Amino acid sequence: FVGSAWLKRAHGFAQGFEEYLEPTGWNIQDATPILERASNWIRARRADKKRKPYFVYIHLMDVHGPYQFEWGDFDAVRSSPSLGADRPLTREESLSRPPYLEARIQWGSRDKAIRNRRASWRAFYAAAVRGFSRRLGSFLDAGKQEGWLEDGLLVLTSDHGEELLEHGGWDHGRNLHQHQLHVPLLVR
């Protein structure tokens, strides 16, 4: 069950899977429908009287540019000391920011000055993490209630981190700094 356009069936990633859910367009940045489909599939497997072992791979894109978050999450994290020192972006930093990173941000009546603050961009990312944590938490809570979480092995990791001006750049995939390489690996 994948939300990444890079993992399309056409690229051979569906090999060996009985069911393969992939995005019809670009990345799916809301885990909810993917996790619902995965939950339904797991329930169906558990209802099968044969109860054969199974493997489920879920690749989610919620915490990935273009950043998508709820403003309530942004407000909750925007003053966190973990974001580092705030300062205005330099002209060069603003111009080097990939436009796609803010493609889904609904600025509306928000103070557009936050668009050019270093801590704001880190808070956008942190807000996306916070929202994703809620969606994943609901999925795991359901798994605990239904018993499949206790019967299985859960591995949670990330394919990369994100650069938010730690070394003067944006995005990921352009260097090997710790903030891009040091990702969680949780095994339960």
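To be clear, the structure that these remarks concern was listed above.
Everything quoted here is computed from the prediction, not taken from an experiment. (Residues numbered from 1 in each chain as written. Predicted model: local features only at pLDDT ≥ 70, side-chain atom pairs only at ≥ 80, totals over all residues. Heavy atoms only, no water.)

Comments concerning the overall build of the chain
Right, on to step 1. Helix and strand content of the chain: 5 helices and 4 strands.
Right, on to step 2. Going from the N terminus to the C terminus, the chain shows its helices and strands as α-α-α-α-β-β-β-α-β.
Right, on to step 3. Overall, the chain is about 60 × 35 × 30 Å in size when its C-alpha atoms are taken along their principal axes.
Right, on to step 4. Here the chain, with 188 residues, has 40% of them falling under the buried criterion.
Right, on to step 5. In the chain, 65% of the contacts between residues at least 6 apart in sequence involve partners at least 24 apart.
Right, on to step 6. Accessible surface, the chain as shown: approximately 11400 Å² in total, 54% of it carbon and sulfur.
Right, on to step 7. Charge separation in the chain, taken as the distance between the mean sites of 27 positive and 24 negative side-chain charges, equals 2 Å. (Helix = DSSP H or I, 4+ residues; strand = E, 2+ residues; numbered from the N terminus. Buried < 20%, exposed > 50% of the residue type's maximum accessible area, 1.4 Å probe, protein only. Contact = heavy atoms within 4.5 Å. Areas by Shrake-Rupley, 256 points an atom, 1.4 Å probe, with all protein chains shown as cover. Lys, Arg positive; Asp, Glu negative; His and termini not counted. Charge placed at Lys NZ, Arg CZ, Asp CG, Glu CD.)

Considering helix 4 (residues 118-146)
Right, on to step 1. In this model helix 4 runs 43 Å from its N-terminal to its C-terminal C-alpha over 29 residues, within 8% of the 42 Å that 1.5 Å per residue would give.
Right, on to step 2. Looking at the residues trailing helix 4, positive phi occurs at Gly 147, about 90°. (Expected span 1.5 Å × (residues − 1).)

A word on the side chain of Lys 8
Right, on to step 1. Mapped onto the secondary structure, Lys 8 falls in the segment before helix 1 (31-47).
Right, on to step 2. Although Lys 8 lies buried, it forms no salt bridge, and the closest oppositely charged side chain, Glu 22, sits 4.7 Å away as judged by the N-O distance.
Right, on to step 3. Residue contacts for Lys 8: discarding those within four places in its chain leaves Phe 13, Tyr 20, Glu 22, Pro 23, Thr 24 and Gly 25. (Salt bridge = Lys/Arg side-chain N within 4 Å of Asp/Glu carboxyl O.)

Comments concerning the pattern of salt bridges
Right, on to step 1. Applying the stated criterion to the full structure yields 16 salt bridges.
Right, on to step 2. In this structure, Arg 87 and Glu 93 form a salt bridge, with 2.7 Å as the shortest nitrogen-oxygen distance.
Right, on to step 3. Where salt bridges share partners, they join Glu 70, Asp 73, Arg 130 and Arg 134 into one cluster.

Description of helix 1
Each full turn of the α-helix corresponds to 3.6 residues, which orients residues three or four apart in the same direction.
Right, on to step 1. Taking 1.5 Å as the rise per residue, helix 1 with 17 residues should run 24 Å; its terminal C-alpha atoms sit 24 Å apart, in good agreement.
Right, on to step 2. Residues of helix 1 that are buried: Ala 31, Ile 34, Leu 35, Ala 38, Ser 39, Trp 41, Ile 42, Arg 45 and Arg 46. Around the axis of helix 1, the buried residues are gathered within 165° of arc, so they sit on the same side.
Right, on to step 3. Check the buried side of helix 1 and you find it contacts helix 4. (Arc of directions from axis to C-beta.)

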